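# Observations on chain architecture
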Amino acid sequence: MSTVSTKIGRRFFIKSSTLAGGGIMLGFNWLASCQMPKKELSSVPKEWFKINGFLKISDNGLVTIMSPNPEGGQNVKTSMPMIVAEELDVNWNDVIVEQAPLDTANFTRQFIGGSQAIRRGWESLRMTGACARHMLKQAAAQAWQVPLEELTTASGVIQHEKTGHSAGYGEMASAAATLPVPETVELKEIKDFKIIGTSRKNVDGQKIVTGQPLFGIDTYREGMLTAMIVHPPAFGLKLKSVDDSAARNMPGIKDIFTIKVFNEDYEKEFFDTCTFTEIAVIVGNSTWEVMNAKKALKISCEPITSSTENRSRFGSKYTQHTPAGLESTTDHKAQMEAMAAKPAEIVRKDGNPDMAFKKAAKIIERTFTAPYLAHNCMEPMNFFADVTSEKATLIGPLQKPEFTEKALSARLGMPLEKIDIQMTRLGGGYGRRSYAHWLIEAALISQKMNAPVKLIYTREDDMTDGIYRPAYHIKFRAGLDGSNNLNAFHVKAGGIPESPLAKDRFPAGAVDHYLAEEWTIDTNLTVGSFRAPRSNFMASAEQSFLDEVAEAAGKDPIDFRLELLEKASKNPVGENNDYDANRYAGVLKMVREKSGWGKESTDIYRGVSAYFCHNSYAAQVLDMKMENGTPKVQKVTCAIDCGIVVNPDGAKNMAEGGIVDGIGNAFFGELTFKDGVPEKNNFDKYRMIRMKEAPKEIDVYFVESNIDPTGLGEPTFPPTFAAVANALYQATGKRHYHQPFLKS
Amino acid sequence: MAKFNLIINGNQKEVDVDPSTPVLWVLRDHLKLVGTKYGCGIAQCGACTIHLDDTAIRSCQLPVSAVGNQAITTIEGLSENGDHPLQKAWVAHDVPQCGYCQAGQIMTAAALLKANPNPTEETIEATMNGNICRCGTYIRIRKAIQTAASNQQG
Ligand code: FES
Ligand code: FES
């Protein structure tokens, strides 16, 4: 066992709370609301005792574990409580999972994004379970007058072998709840895990397949009104006036007005990015009535002027420049070409790249680009708000409640204590729901109407009022020496408005002469995180390029990468390389073996790709067939090293999702703009991957590991693009440099 | 406004709404049957799929005035205890990720299995191609339908 301190920083991580009092939940209420009791109950729980912010134990031994982070399909609502249950040492069948509300006093890092939930929660979740187990043992030690060290636990039962005493957790819960939190607790050895590393079903699975109200958009309350927005039709425009003469008198319409999402003097945090700062709002009795009035509402707009804003990102200040003008994709392309032709900011240089390129026996130079992408969560943006002078209640799907709460507090001028944010399941997030300007919009509408309101974006609003994945451009040069070794590497990367480059990532560290440059172009299109930000393009470009370089060097693409990784491991160039070359090579070797790489098959074309991001490693071999000139992905074999896997089947599902998403976006993903107007606004124009294009099979393998878990929501997504491009090359003889690869 | 008598999941319901209101919004706003989802509103994503008698229909494009006396089934009424073979197979394969599209997926699949208890893989793909899953759960959906079909055969 390892002993850990329960103190993190200057405060106790886990708060003790006294005997439930107000916290007691009556068992009957719980049973009535429970769809399928997991356990045949011999008795009904009469009382619940709150052990800490995460845990309640009933008198008959059922355990309620609060899942702290929002659930958006990554299955954290199952895997995070699994970690607590492991250290608590209970049967998973005795566990009920509840979604915790936003509660910064009891929980830390209540957000999803960056594949960080499990990685960052790992230790604190374990500690929470271990603390509760310790307190239960302490209660038993006192009751039986025996030393605590002689007690053992298993499956929710405490035992004292010498005296034969034995008690279920439920019997000790009341006494345990009054005890102080221990200063240190013991954690289990990894080899003793019984729940972690075993597949457990999604705790909400049954509710999902029976259509229970789980999502924000399913929120209905007595007296609730429905609201929709009308925003300027183009980026680069702002609202000037609203003509509601036709819409105002339509049936069911309560009010039409405009709102400003933020106060003029408010300094925006990173996640406060907001599409249109002033919008028109229509409020009415029902969705259909509001939708109809929305069509009848006329707005007129005027051009924005260019501006510079001070913003802050996790405490550090930056300025954001927003140019005026109506931007178009064709202009963007020309601007990016122009930037790529000029010298840019050098961010890393190893050796003497200039000289190395001069001496190179062979130089390969290629340019890759990718367009803006819309997130297209299946549940359109929405939020419920009930704001009175006393209190603001917000219910809905969002990724970063902790940040949004602060922004809302500033906007309403209401202290945080009066704001209650309740998190529903997210019908997809992928980064879009990190920027919850629609929560603030909903709150302002409710405040104005003095009534509970649900704000819903139509699909068209969702797609045209986006916080998009930026457009990117990258130029690579590789220099091979006389013996076909990669000796010089030059990357010049940029985008609108950010560069995708991670300067210390592979192949940095593996090449003697390395040069990385980057540039950016400002835009008034709003952009933000999209599943595996930046990596989602870098992996695509770099792993396609290396495929071509390997070919030029006359080497097998896997061997070629392994050679480079061996150098990075044994004899690394530079100091700050951000990856572990051995783990990187590990997934490549694993995928080579599992996919049967090298075995020829006449009508199967294969592409390989591997990438490190979000602290995890993923490698893929993608098998493609051509059917009447159309590429069909048959199978993807994927090897992942993400440390300890908490819930293997859940993890596999997420890996499959990342790969299917990658294939879809590689083939079809694209949002173009014409004079500031997004040229697609619904799924008739925006092509999403559908079942026919999904692979028949995805085989996922995890590297066995004792390393603390790292991210998984994102790492399987980026390499897929290049695996697709490389297989397409095998199938068609044509390299694909510009996404999307297929025009629909 | 007009009154409509609808048979929904075996029960008679009366609603007083604009005749052009899509059944999707009648279900959600007026009857609080929220299992049927809004995804696109233009019959492109399948999130709003219900059954009209035994046929899978996009409820976002179906005005309530067009229902007449055809029976409506929603995900809430697909089975009494949430144990339709497809629902069981969905849980067994742990299909959902975010879960938002899944009611529509199941309703499309249920109409398929009713008409064709033993569909080929091509038929499954052709039928399910109208339902988008942004999370990319297609492989498990395909497998769950095959499992349900073979379980139904007994
Ligand atoms: S909401 Fe009806 S098909 Fe998309
Ligand atoms: S499970 Fe998320 S859209 Fe299908």
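Here is what the cut-offs are and how they apply
Residues numbered from 1 in each chain as written. Chains lettered and ligands numbered in written order. Predicted model: local features only at pLDDT ≥ 70, side-chain atom pairs only at ≥ 80, totals over all residues. Heavy atoms only, no water. Helix = DSSP H or I, 4+ residues; strand = E, 2+ residues; numbered from the N terminus. Rg over C-alpha atoms; globule rule 2.2 N^0.38 Å. Buried < 20%, exposed > 50% of the residue type's maximum accessible area, 1.4 Å probe, protein only. Contact = heavy atoms within 4.5 Å. Areas by Shrake-Rupley, 256 points an atom, 1.4 Å probe, with all protein chains shown as cover. 1 Å grid on protein atoms, 1.4 Å probe; cavity = no way out; pocket = protein on both sides within 12 Å on 5 of 7 lines; lining within 4 Å. Points joined across faces, edges and corners; volume = space filled by probe spheres on them. Nonpolar A, V, L, I, M, F, W, Y, C, P; charged D, E, K, R; others polar. Axes fitted to C-alpha atoms, helices over the stretch in contact; angles between N-to-C directions. Left-handed = near helix turned anticlockwise from the far one by under 90°. Buried area = accessible area lost by both parts, 1.4 Å probe. Salt bridge = Lys/Arg side-chain N within 4 Å of Asp/Glu carboxyl O. Polar contact = N/O pair within 3.5 Å; in protein donor to acceptor, adjacent residues only side chain to side chain.

It is worth spelling out the overall build of chain A at this point. Of regular secondary structure, chain A possesses 16 helices and 34 strands. A compact globule built from 744 residues would reach a C-alpha radius of gyration of about 27 Å, and chain A, at 28 Å, matches this within 12%. Structurally, chain A occupies a C-alpha span of about 80 × 75 × 50 Å along its principal axes. Here chain A holds 744 residues, and 62% of them are scored as buried. Once local pairs closer than 6 in sequence are excluded, the contacts in chain A between residues at least 24 apart make up 76%. Split by element, the accessible area of chain A, about 27,700 Å² in all, is 48% carbon and sulfur.

Let's shift gears to empty space enclosed by the protein. For the structure shown, the criterion picks out seven cavities of 30 Å³ or more. Its boundaries defined by the atoms lining it, the largest cavity holds a volume of some 120 Å³. In terms of lining residues, the largest cavity is bounded by 14 residues, among which Asp661, Asn665, Met688 and Ile689 of chain A together with Arg134 of chain B are the most central. The dominant element in the lining of the largest cavity, judged by the number of residues it contributes, is helix α15 (residues 648-667) of chain A, at three residues. Here the lining of the largest cavity is built from residues that sort into seven nonpolar, four polar and three charged. Within this model, the second largest cavity holds a volume of roughly 80 Å³. Around the second largest cavity sit 14 residues that line it, and Asn75, Gly650 and Asn653 of chain A together with Pro96 and Gln97 of chain B are the ones nearest its centre. In terms of residue count, the dominant contributor to the lining of the second largest cavity is α15 of chain A (four residues).

Residues and elements named next belong to chain A. Where helix α12 (residues 535-552) contacts helix α16 (residues 717-732), the axes come no closer than 7 Å and their chain directions differ by 35 degrees. The chirality of how α12 crosses α16 is right-handed. Mapping the contact onto sequence places Ser535, Asn536, Ala539, Ser540, Gln543, Ser544, Asp547 and Glu551 in α12 and Phe717, Pro718, Pro719, Phe721, Ala722, Ala725, Asn726 and Tyr729 in α16. For the contact of α12 with α16, the per-class residue count stands at eight nonpolar, six polar and two charged.

All right, on to the environment of arginine 561 of chain A then. Structurally, arginine 561 of chain A can be placed in helix α13 (residues 557-570). Between the C-alpha atom of arginine 561 of chain A and that of alanine 585 of chain A, which follows or precedes it by 24 residues, the distance is 8.0 Å.

Before going further, it helps to spend a moment on the interface of chain A and chain B. Listed per partner, the contact involves 58 residues of chain A and 55 residues of chain B. Buried area between chain A and chain B, both sides added, is near 5,000 Å², and the carbon and sulfur share of it is 57%. It is Met378, Arg690 and Met691 of chain A that lose the most area in chain A upon contact with chain B, and together they represent 17% of the buried surface on that side. In this assembly, chain A and chain B are joined by seven salt bridges. Inspection of the region where chain A meets chain B yields 34 residue pairs in polar contact (both at pLDDT 80 or more).

Turning our eyes to something else, we now look at the side chain of asparagine 665 of chain A. Positionally, asparagine 665 of chain A belongs in helix α15. Of the polar contacts made by the side chain of asparagine 665 of chain A, one reaches the side chain of aspartate 661 of chain A; its length is 2.8 Å.

Everything listed is a geometric property; what it means functionally is a separate question.
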